[in-house]
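A closer look at the structure
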Amino acid sequence: MEEESKKATQKAMALLLHKDRTRQELIDKLAGAKYSKEAIDAAIQYVESYGYIDDERYARMYADYHKTEKSKKEIKRKLKEKGISDDILSEVFSDYLTEEGDDPEELALRALVEKRLRGRTVSELTYEEKQKQMRYLAGKGYPIDLIKHVFS
């Protein structure tokens, strides 16, 4: 058992060398490599003890990196898929503003609208084109009131 735990820990360290991962992602990778639950627990405990995995730090970095291109809802969904808990998500998104105090979700939405309109303005769109764009953005997770605000 001791030997397997050591190998699982080495595997965990090798996985973290290439990219930052959440606790759950690391557990899934080790389980996929057919390590026992005890070996996985030992490996996770080891890397956590040295601060090599930290789900809150991971979530903050992920949200900060993607906040200018994805909706808050889409970021939360991706982080939940990666095993981030609701408590951590609440903490991360409690102060979800840019350094200038702007709402990054609105900035991301405006950038996406500008990209999708390819040089046109909202006022140049027909009613049907506006509706199509608004449905697309709502599907991406942007709040409808924010979409309406940007399109007004």
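On a predicted model such as this, the values are computed, not experimentally measured, just so you know. (Residues numbered from 1 in each chain as written. Predicted model: local features only at pLDDT ≥ 70, side-chain atom pairs only at ≥ 80, totals over all residues. Heavy atoms only, no water.)

**What about the overall build of the protein chain?**
Assigned secondary structure in the protein chain consists of nine helices and zero strands. Counting helices and strands in the order they occur from the N terminus, the protein chain gives α-α-α-α-α-α-α-α-α. For 152 residues, the compact-globule estimate of 2.2 N^0.38 gives 15 Å, and the C-alpha radius of gyration of the protein chain, at 21 Å, exceeds that figure by more than 25%. Oriented by its inertia axes, the alpha-carbon framework of the protein chain measures out at about 70 × 30 × 25 Å. Residue pairs in contact within the protein chain that sit at least 24 positions apart in sequence constitute 62% of those at least 6 positions apart. Accessible surface, the protein chain: about 9700 Å² in total, of which carbon and sulfur atoms supply 48%. Charged side chains of the protein chain number 30 positive and 31 negative; the gap between the two group centres comes to 7 Å. (Helix = DSSP H or I, 4+ residues; strand = E, 2+ residues; numbered from the N terminus. Rg over C-alpha atoms; globule rule 2.2 N^0.38 Å. Contact = heavy atoms within 4.5 Å. Areas by Shrake-Rupley, 256 points an atom, 1.4 Å probe, with all protein chains shown as cover. Lys, Arg positive; Asp, Glu negative; His and termini not counted. Charge placed at Lys NZ, Arg CZ, Asp CG, Glu CD.)

**Thoughts on the pattern of salt bridges**
Between side chains of opposite charge, a pair can form as their charged atoms come close. One pass over the full model with this rule turns up 11 salt bridges. Taking the shortest distance from any N to any O, the salt bridge between arginine 60 and glutamate 91 comes out at 3.7 Å. Taken together, the residues span a long stretch of sequence, with arginine 60 in helix 4 (residues 55–66) and glutamate 91 in helix 6 (residues 86–93) at a distance of 31 residues. Taking the relative accessible area as the measure of exposure, arginine 60 reaches 30% and is therefore partly exposed. On the basis of relative accessibility, which here comes to 42%, the residue glutamate 91 falls in the partly exposed class. One salt bridge in this structure joins lysine 80 and aspartate 86, with 2.5 Å as the shortest N-O distance. Judged by its relative accessible area of 49%, aspartate 86 is partly exposed. Several salt bridges share partner residues, and in doing so they unite Glu56, Arg60 and Glu91 into one network. (Salt bridge = Lys/Arg side-chain N within 4 Å of Asp/Glu carboxyl O. Buried < 20%, exposed > 50% of the residue type's maximum accessible area, 1.4 Å probe, protein only.)

**Description of unusual backbone geometry**
Among all residues except glycine, the phi angle is most often negative; among peptide bonds, the trans geometry is most common. Positive phi, close to 70 degrees, is recorded for lysine 34, a residue that is not glycine. Take lysine 34: it is sitting in the loop between helix 2 (23–32) and helix 3 (37–49). Looking at lysine 34, the relative accessible area reads 70%, which means it is exposed. Residues other than glycine seldom take positive phi values, yet arginine 118 does so here, at roughly 50 degrees. Position of arginine 118 among the secondary structure elements: in the loop between helix 7 (104–117) and helix 8 (127–139). Arginine 118 sits in the exposed class, given a relative accessible area of 73%.

**Brief notes about the environment of lysine 148**
Mapping lysine 148 onto the fold places it in helix 9 (residues 144–151). Looking at lysine 148, the relative accessible area reads 51%, which means it is exposed. Measuring from C-alpha to C-alpha, the distance between lysine 148 and methionine 134 comes to 7.9 Å, with 14 residues separating the pair along the chain.

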